[in-house]
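Below, each chain spelled out in residue letters.
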Amino acid sequence: MKKNEEILELLRKKGNELEIPSGLDPEWMRETLKEHERKQYFRKGRLYPALAAAASFCLVAGLSLHIYHLGLLTHQDPFGKADTENLESAITETTPIETILPETSPEEEQDLLDLPNVTYEEIYARLQESWQQEEEELSRGMAKMEYAEADLAAAQKQSSLEDSASENVFGQTNLQVAEVDEADRIKNDGRYLYQTARKQTKDQEGTAGPEKQGIQIIDTKDGLKETAFIEGFENLEEFYLWEDRIITIENKYYEAATPAQTAKKETAVEDLAICGLEPERVYHEITIYDIEDKANPKKLKTFTLQGSYESSRISKGYFYGISRFTASPGEGEKDYDAYIPKADGKHIKAENIYCPAYADGTSYLVLVSIDLSNPTDFTDTRAILSGSGTYYVSPQNIYLAEYQSVYQQEPQSEGLHQDTTRLLRFSYLKGRFYAQAQGEVPGRVDNSFSLDEYESNLRIATTVQEYQAKAVTDDRTEELLGYDYGEPKETNALYILGRNLAIKGKLEGLAEGEQIKSARFLGETGYLVTFRQTDPLFAIDLSDPEEPKLLGQLKVSGFSEYLHPYGEHTLLGLGVEADEETGREEGLKLSMFDLTDPKDLKEQSRLHLKDYNYTEALWDHHAVLIDPSQDLIAFEAEGSNRGTNRQDYLVYTYDQGAFTQKLKISTKREDHTWYRTRGTYIGQTLYLLTENGTVTAYNLTTGAKLAELNQ
């Protein structure tokens, strides 16, 4: 304690001898805080108190780190056993004056560092931007190294494919962003398989009854056997597997309470509820189960949210959910239930509701988080007055992209007008959300793969519609009646935005008359597929965020709806073949693009699946079982030709520049019922999981059926 007092006294003494830098002058800091308040960079009432705390925290932390680097403080006891004899000379000789604290009393330090409404996480989020800028160059180098290491690892695994069974490799959910888990209908932990299933029930006479819906848990050791079936669901959407826990998400709706609502229910109100047309009645549940004992799952907690489920992720032990709630007038201002969303029966606090200046709709996007290691309450809740849109989640940020057509904007003047996508960025840390920035780009995004975060920048690909608005007047009175939009001009663009979501760089005017069908960002290169009659694949250099450049393009027939990196310098495309003259679709296709020279792109190989015209994988990337390290591409496909219907699970490899069909397994049912089938693998065994609860195991090399679990 005495040593601490000596250090503080010495700091005060040196501080009194120095002139306070203008950047630390109290009056200057007060004016800076006022300016932040006027600009409203962060929403009023939440982070302004953090600015003062952050400033003091930075000063104290900076000085402490400086002293630590001089060797006067230890890592284990940073404010303890310092060498005060050497401290004075160290400060005098090597310390810049900007790091010396002006004299403050212990009470003032305590007040600044212990504000009741500020958490360490908020300070961390506020400072994170500055830290990120300092590490930008380092991140660039590390990213390149990671890509190189990933390619090397893929090559090593490829060369040892025959030994994969002994390594106990297994299929995992196809994710857009590494380490940010996504919900799905099937999961695999290397021994147990999990799937959403709809099982047909029967009475004692064997007559078919209603389906029961739930999560099926299957043990693959020594054959196939169901260890448990978690039931009691009505409309199970998807689920997660996290450690020894299952997290389910289910859309539901309240029972009708009035004759009018009862009448609506009798006319397919369930479908309306799911679509969000009955917002005041829709809700959803997030339920967490402990499955440490796979034969006896235990329900731990059910969280309830008003509104319909939109999307979610799991990152670093926290569940992050996005849902939509639509407000209604209700019985007036005091009827909070009608226009304020609830989380677990509690209205979201007004201070946690964000209303952008441009918001003019009646629906909220609701963000919630749950600590999965201790799921007792929501960790945080936020509501944003905004419509539905596209959601992209990086390891640090959640981006909400809401499309606005020209017709919604109602131009008030002649001239060029474009449709736009409004963007919001929320950072997240340990279950807490922080509103960080908002912005806007021309055009609309295709899906979440049109967005990508890289080195603190957001890259976003859009299809842009432009209109030349002309005034329409009354021929007799010349009164302005409105504006005629005329025929739109459609082009494509790529924008790069900074952390404040201001546009830093752009590449516009790509492929006039076409629209983006798929996108993929790989390090400092972006790849876009557009389509009208043919499929141009564009390669774009993104190494300079302020000046993205078109490197090359390749035109082939058809288009790719989904792109996936496959080994070193190759990109897999899954899509549709089409007539080059008319654009008429002619079945599915697989393409492998050679990216060795982005200025000279090549279609290395193409496989036309003319017997199939549909696969769920065209719009849901989870439906693709893909593992380049195991040379595995698989999905279910359907087709119809001259009265013959096909439904098969297809498995391909890619070797020596060509696709090879490894397996074709019929999933068509003799009873003509239709269920979706997903595939996964463990070692050299392929497992097909069908929605009715049937699971079948096949040898991936020979195709021989190994085991089957029927329902």
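Treat the numbers as computed from the prediction; the structure is a model and nothing was measured. (Residues numbered from 1 in each chain as written. Predicted model: local features only at pLDDT ≥ 70, side-chain atom pairs only at ≥ 80, totals over all residues. Heavy atoms only, no water.)

### Let's talk about the overall build of the chain
Looking only at helices and strands, the chain features 12 helices and 41 strands. Per-residue burial over the chain gives 50% buried out of 711 residues. Considering only contacts within the chain whose residues lie at least 6 apart along the sequence, 55% involve residues at least 24 apart. Surface exposure of the chain reaches about 35,300 Å², of which carbon and sulfur atoms provide 47%. (Helix = DSSP H or I, 4+ residues; strand = E, 2+ residues; numbered from the N terminus. Buried < 20%, exposed > 50% of the residue type's maximum accessible area, 1.4 Å probe, protein only. Contact = heavy atoms within 4.5 Å. Areas by Shrake-Rupley, 256 points an atom, 1.4 Å probe, with all protein chains shown as cover.)

### Concerning the nonpolar core
Formed by 35 residues in total, the largest nonpolar core has its most connected members in Leu572, Phe593 and Phe635. Put simply, the parts of the chain that give this core at least two residues each are strand 27 (525-531), strand 28 (534-541), strand 29 (549-557), strand 30 (559-565), strand 31 (570-578), strand 32 (585-594), strand 35 (632-641) and strand 36 (644-655). Here this core takes 5 residues from strand 31, the largest share from any one element. Apart from the residues lying within four places of it in its own chain, the contact partners of phenylalanine 635 are Leu574, Leu590, Leu609, Thr615, Ala617, Ala623, Asp648, Tyr649, Leu650 and Tyr652. In this structure, Tyr391, Val393, Tyr399 and Val464 belong to the second largest nonpolar core, which totals 33 residues. (Core = buried A, V, L, I, M, F, W, Y, C linked by side-chain atoms within 4.5 Å.)

### Things to note about the sheet that holds strand 13 (residues 353-354)
The strand order 9-10-14-15-13 describes an open sheet built from 5 strands, whose pairing is mixed. Two strands lie at the open edges of the sheet, namely strand 9 (308-315) and strand 13, each paired on one side alone. Bridging between strand 9 and strand 10 (residues 318-326) involves 7 bridges; their strand directions are antiparallel. Considered in strand 10, the bridge of serine 311 is made with isoleucine 322. (Pairing = 2+ DSSP bridges.)

### Concerning unusual backbone geometry
The phi angle at lysine 316 is positive, at roughly 50°, despite the residue not being glycine. Here lysine 316 is to be found in the loop between strand 9 and strand 10. Exposure remark for lysine 316: the relative accessible area of 69% places this residue in the exposed category. The backbone of glutamate 455 shows a phi angle near 50°, a positive value even though the residue is not glycine. Within the secondary structure, glutamate 455 sits in the loop between strand 21 (451-454) and strand 22 (457-473). For glutamate 455, a relative accessible area of 13% corresponds to the buried category.

### Points about the pattern of salt bridges
With the rule as written, the count across this model stands at 27 salt bridges. One salt bridge connects aspartate 184 with arginine 678, and the closest N-O pair in it is separated by 2.8 Å. Here the residue aspartate 184 occupies a position in the loop between helix 8 (164-167) and strand 1 (186-188), and arginine 678 occupies one in strand 38 (residues 677-682), the gap between them amounting to 494 residues. Judged by relative accessible area, aspartate 184 falls into the buried class, the value being 4%. Looking at arginine 678, the relative accessible area reads 3%, which means it is buried. Ionic pairing is found between glutamate 508 and lysine 506, a salt bridge with its closest N-O pair at 3.9 Å. The network of salt bridges with common partners includes Asp184, Arg185, Arg198, Glu211, Glu616, Asp620, Arg676, Arg678 and Glu691. (Salt bridge = Lys/Arg side-chain N within 4 Å of Asp/Glu carboxyl O.)

### Re the packing of aromatic side chains
Within this structure, the stated rule accounts for 13 aromatic pairs. Measuring from ring centre to ring centre gives 4.5 Å for tyrosine 320 and tyrosine 428, while their planes differ by 50°; the resulting arrangement is tilted. Here tyrosine 320 is found in strand 10, whereas its partner tyrosine 428 is found in strand 19 (residues 420-429), with 108 residues between them in sequence. Comparing tyrosine 320 with tyrosine 428, the two get one shared label, buried. Here the aromatic rings of phenylalanine 531 and phenylalanine 559 are separated by 4.5 Å at their centres, their planes lie at 50°, and the arrangement is tilted. Residue phenylalanine 531 is found in strand 27, and its partner phenylalanine 559 is found in strand 30; the two are separated by 28 residues along the sequence. Each member of the pair, phenylalanine 531 together with phenylalanine 559, is buried. An aromatic cluster is built from Tyr318, Tyr320, Tyr428 and Phe433, whose rings are joined through pairwise contacts. (Phe/Tyr/Trp six-rings, centres within 6.5 Å; stacked < 30°, edge-to-face > 60°.)

### A closer look at the side chain of threonine 248
Mapped onto the fold, threonine 248 is located in strand 6 (residues 245-253). Discounting residues that sit within four places of it in the chain, threonine 248 has contacts with Ile215, Phe233, Leu236, Glu238, Phe239, Glu285, Ile286, Thr287 and Tyr289.

### Focus: the pairing of strand 26 (residues 515-522)
Counting buried positions along strand 26 yields 6 of 8 residues, so the element is predominantly enclosed. Of the pairings in the sheet, the one linking strand 26 to strand 27 comprises 7 bridges and is antiparallel in character. Residue pairing across strands places isoleucine 516 opposite threonine 530, the latter belonging to strand 27. In this structure, the hairpin formed by strand 26 and strand 27 is closed by a connection of 2 residues, where glycine 523 is found at a positive phi of approximately 65°.

This is a description of form; function is not addressed.
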